[in-house]
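Coordinate inspection notes
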Amino acid sequence: MVGYAFMGAAHSQAWRTVNRVFDLPVRARMALICGRDESKVADAAGRLGWEGHTTDWRELIARDDIDIVDVCTPGDSHAEITIAALEAGKHVLCEKPLANTVEEARAMVAAAAKAQTVGVRAMCGFNYRRVPAVSLMRELVASGRLGVIRHVRAVYLQDWITDPQFPLVWRLQKDKAGSGALGDIGAHIIDLTQFVTGQRITGVSAITETFVKERPLPAESSGLAASADGAGAATGQVTVDDAAVFVARLDGGGLATYEATRFATGRRNALRVEINGSLGSVAFDLERLNELEFYDAAEPGVEQGFRRILVTEGDHPYMAAWWPPGHIIGYEHSFTHELRDFLAAVAAGSDPTPSFTDALQVQLVLDAVARSAELGSSWTGVEPVPAPVTA
């Protein structure tokens, strides 16, 4: 694994757990973790359960005893590390968003397609797909329980940078992060809604805003866990969006609205998606991730109303591997489910999802949103994903 901070810790927990929970045809051995700081990555290796550590990702890729590379770095290094790993014959799991630019994402798709011809697999890590309630939500839509999809409503709200003295961490720098709230959390709700509905966004009209345009430089490299106490005296420019809001058209004819912000004071990690169809509605709230709200318009009028589905039964997606009915799971389980699906696909020689092509499609939506905002919210079409390159 390359990277050991927030996502590195989440993925490590999943690697430690996946074979202890799921019966899989292969067993993961946590061989080597990579990071730039020798002392910090050494500490992370021991704390997170890795056999060894290195400060050079090229050393990791060169080792013959390593079959899978898990990329958990900032977006500016995704393309270089991932392409090199695929060319070396390693299966790759890469965190979202796939890259910082459409051009980088295209190069990664081409590398994945070439590697696929020799049996090497690649997947992008949109973990919220693996929340059991979200998977059930998709099943309800796919089975026709909602009828024709008319509205999609999605928000992802955080507040961790509302303090103007919060330091200028890498997530607030375009050259490292690619974008701000748009790519960091907006990518999640774009992928999640398209996954649940089975429909793609074809065009957008967007507005973005950077509320705090200059921040103190951090005393040292830090991420989500940073605070104003970790800021230095000098300042630097914020080069990403703090918030993004856009309306969209789905290829099935429905309308959609999206909001992604890191300035929703009091909202720590609030993701909510609601789908309205001709026969019913369904809603998911990450703060109640074991539940769905479901409305069935076919029920008698005197009995109609949103009802709670507690997604903890053994015949709900993924849940048979865990606890007795009614015993809830949490955020970290989505990563374990992600690795379960990835390892099963690698072992079977099949293509895991979401593929790099799926992730490129999300990247094209992000690009359309950014271009629309730059053009005064003008309607901007989303470029179709081309056929995979197989050279």
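Residues numbered from 1 in each chain as written. Predicted model: local features only at pLDDT ≥ 70, side-chain atom pairs only at ≥ 80, totals over all residues. Heavy atoms only, no water.

1. Examining the overall build of the protein
Along the protein, the regular secondary structure elements total 10 helices and 16 strands. Over its C-alpha atoms the protein spans a radius of gyration of 21 Å, differing by no more than 12% from the 21 Å that the globule rule assigns to 391 residues. Taken along its principal axes, the extent of the C-alpha atoms in the protein is 65 × 50 × 45 Å. Split into buried and exposed, the 391 residues of the protein put 54% on the buried side. For the protein, the proportion of contacts with a sequence separation of at least 24, taken over those separated by at least 6, is 69%. With the model as given, the accessible surface of the protein reaches about 16,600 Å², and the carbon-plus-sulfur share is 51%. If the 36 positive side-chain charges of the protein are averaged to one point and the 49 negative ones to another, these points end up 2 Å apart. (Helix = DSSP H or I, 4+ residues; strand = E, 2+ residues; numbered from the N terminus. Rg over C-alpha atoms; globule rule 2.2 N^0.38 Å. Buried < 20%, exposed > 50% of the residue type's maximum accessible area, 1.4 Å probe, protein only. Contact = heavy atoms within 4.5 Å. Areas by Shrake-Rupley, 256 points an atom, 1.4 Å probe, with all protein chains shown as cover. Lys, Arg positive; Asp, Glu negative; His and termini not counted. Charge placed at Lys NZ, Arg CZ, Asp CG, Glu CD.)

2. Concerning the side chain of Asp-159
Secondary-structure assignment places Asp-159 in the loop between strand S6 (149–157) and helix H7 (174–177). Taking relative accessible area as the criterion, Asp-159 reaches 9% and is therefore assigned buried. A distance of 2.5 Å separates polar atoms of two side chains, one belonging to Asp-159 and the other to Arg-268. Among residues more than four places away in sequence, those in contact with Asp-159 are Arg-262, Ala-264, Thr-265, Gly-266, Arg-267 and Arg-268. (Polar contact = N/O pair within 3.5 Å; in protein donor to acceptor, adjacent residues only side chain to side chain.)

3. A few points about the environment of Ala-256
Along the polypeptide, Ala-256 turns up in strand S11 (residues 255–261). Spatially, the C-alpha atoms of Ala-256 and Trp-57 are 41 Å apart, while their sequence positions differ by 199 residues. Excluding residues that lie within four positions of it along the chain, Ala-256 makes contacts with Val-152, Phe-246, Val-247, Ala-248 and Leu-250.

4. Quick word on the state of the cysteines
Tallying each qualifying case throughout the model produces zero disulfides. Of all cysteine sulfurs, the one in Cys-124 lies closest to Cys-94, which takes part in no disulfide; the gap is 5.7 Å. Looking at Cys-94, the relative accessible area reads 0%, which means it is buried. (Disulfide = S-S within 2.5 Å.)

5. What to know about the side chain of Arg-262
With respect to the element layout, Arg-262 can be found in the loop between S11 and strand S12 (270–277). A polar contact is formed between the side chain of Arg-262 and the backbone oxygen of Arg-171, at a distance of 3.4 Å.

Purely geometric numbers; function is a separate question.
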